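# Summary of the model geometry
The lines below spell out each chain.
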Amino acid sequence: MKLKKKIYVFSTLLMFILLVLANILIYFLFERMSHNTEYEQLIGRAKELTSALSKLETEMDADILLRAFIPANGAISIVDSNNKPLINVQSLAGLGKVGGDVSPSNSYTIDRFEGTEALSISMPIIWPTGEVVTMRMTQLLTDVEKNMQVLKYVLIGVTTFAMIPITLSSMTLGRIVTQPIENLIRAMDRSRQSGTYEKLTGVVNGNDELAKMERTFNEMMEQLEQNYMKQEQFVSNASHELKTPLTVIESYSRLLARRGFENREVVDEALNAIISETGRMKEMIAQMLELAKSSGSELFEFAEVDLTQLLEAAVKPLRQAYGRDIVIEAAGPAIVETDGKFVKQLLFILLDNARKYSDREIFTSIVDKESEVEVTVKDFGKGIPQADLPHIFDRFYRVESDRSRKTGGTGLGLSIAKEIADGLGAALTIESVVDMGTVIRVLIPKR
Ligand code: ADP
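So, here is what we can say about the structure in this document. (Residues numbered from 1 in each chain as written. Predicted model: local features only at pLDDT ≥ 70, side-chain atom pairs only at ≥ 80, totals over all residues. Heavy atoms only, no water.)

## Concerning the site of the ligand
Taken together, 18 residues surround the ligand, and among them Asn 353, Arg 398, Asp 402, Thr 410 and Leu 414 come closest. Note that an oxygen atom of the ligand is positioned 2.8 Å from one of the side-chain N or O atoms of Tyr 357. If you list the elements that add at least two residues to the shell around the ligand, you get helix 7 (340–356) and helix 9 (413–424). Looking at the shell around the ligand, its residues break down into 7 nonpolar, 7 polar and 4 charged. (Near = heavy atom within 4 Å. Polar contact = N/O pair within 3.5 Å; in protein donor to acceptor, adjacent residues only side chain to side chain. Helix = DSSP H or I, 4+ residues; strand = E, 2+ residues; numbered from the N terminus. Nonpolar A, V, L, I, M, F, W, Y, C, P; charged D, E, K, R; others polar.)

## A few points about the sheet that holds strand 1 (residues 74–79)
Read across the open sheet, the 5 strands follow the order 2-1-5-4-3; overall the sheet is antiparallel. Each end of this open sheet is capped by a strand with a single partner; those strands are strand 2 (85–90) and strand 3 (109–113). In this sheet, adjacent strand axes meet at a mean angle of 25 degrees when their direction is disregarded. Bridge count between strand 1 and strand 2: 5 bridges; the pairing is antiparallel. If you follow Ser 77 over to strand 2, its bridge partner there is Asn 88. (Pairing = 2+ DSSP bridges. Axes fitted to C-alpha atoms, helices over the stretch in contact; angles between N-to-C directions.)

## Re the side chain of Ser 432
For Ser 432, the position within the fold is in strand 11 (residues 427–433). For Ser 432, a relative accessible area of 5% puts it in the buried group. In this structure the side chain of Ser 432 is engaged in a polar contact, spanning 2.7 Å, whose partner is the backbone nitrogen of Ile 384. (Buried < 20%, exposed > 50% of the residue type's maximum accessible area, 1.4 Å probe, protein only.)

Have a look at this one:
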């Protein structure tokens with residue numbers, strides 16, 4: 001059964017059962033109250049009759065008195081202690097025989113007389129002869145039955161009318177709940193069939209769970225689409241970037257095969273080029289793996305570290321390997337709560353770029369600010385043109401003039417640095433003037 005139908009059937013049925021139960025209760029309470037009223041009236045009449053009888057002197061007048069007290073559509077009978085009828089007065093033939101079971105111990109009995117209910121009471125009285133007898137009084141409940149019939153029709157009518165808005169509202173409720181779910185299923189189906197990221201149209205701004213579900217679905221689709229596009233672009237960029245060194249290696253290998261055996265110069269040139277290109281490919285693959293790792297749900301391990309010490313550790317191997325003059329300006333330790341391993345990797349990327357793209361000394365400094373520590377890497381190299389600055393953190397992006405350089409470089413370093421900075425909650429800013437140099441600042445929050 002569809003959810004819409006389930007909601008509709010169950011809520012309608014539940015309301016119907018509740019209404020019917022309530023009406024049955026009302027019906028029987030009303031019937032009980034009507035019987036009690038009739039009973040009170042009959043008892044009143046019986047008491048009046050008893051006091052009138054007590055004033056009688058002869059048994060002869062009793063019959064006349066009983067006739068005067070007989071209820072409309074009723075009967076009065078007097079039985080002696082042996083249950084033998086003494087007198088029986090009745091307005092309908094046979095009515096006097098009704099109520100034989102009633103005894104003074106139970107308040108009243110309800111029997112049927114010719115299809116109509118009859119209420120009987122009984123009470124002991126003293127007969128004019130001085131004997132204790134039982135008086136039975138019976139009353140046909142014609143009016144009560146008529147009233148109960150009217151009540152029955154009223155309750156059935158009320159239930160029927162009440163079921164109309166109940167049915168309509170449960171149908172509406174079913175539609176309200178299932179409409180967004182159906183839209184969602186349709187969108188997912190379309191996505192599955194077309195292989196695209198389909199979003200829901202006409203999403204309302206409401207604050208209820210269903211509107212939130214629709215909005216969250218659209219946001220999720222948007223994110224999936226973006227991730228997919230990024231990934232696709234990454235893969236196509238990566239394969240494109242790997243193609244260049246492979247083409248170089250291939251052409252030099254062919255050259256070696258053709259002319260390598262007779263020409264030593266060619267061998268040297270080809271091998272140098274092959275070694276440099278394979279080195280570049282190795283570096284690129286290592287960086288791509290790094291990127292794949294950091295764009296996953298990398299867990300940073302935050303702990304207290306001294307940034308001055310970290311910077312010294314990052315600078316040392318560069319000084320040794322390239323013999324470059326790298327200055328560190330720091331007023332003692334700078335303690336922050338961050339992931340030291342990643343900060344070191346980030347600093348290494350910035351320092352390596354400064355080394356690659358400049359020939360003079362490199363300046364680094366650490367400034368302890370109120371809630372963060374600023375690490376600066378400054379070089380006096382060729383700088384980056386203003387037009388390239390907005391793209392400098394994009395994957396594989398390289399300034400035009402550097403693309404042909406044989407010194408290496410993959411265009412991935414700064415995008416890795418940016419991802420690390422984002423993960424650590426640090427800000428990365430770059431300022432550069434062509435032929436003057438470049439300054440990169442990293443603002444690392446203390447906590
Ligand atoms: P890679 O250095 O491997 O090419 P990066 O992402 O680290 O890749 O840098 C992207 C580009 O930004 C470099 O190719 C270079 O053109 C430019 N660049 C980065 N740092 C500097 C710098 N300190 N001075 C000049 N140009 C730079």
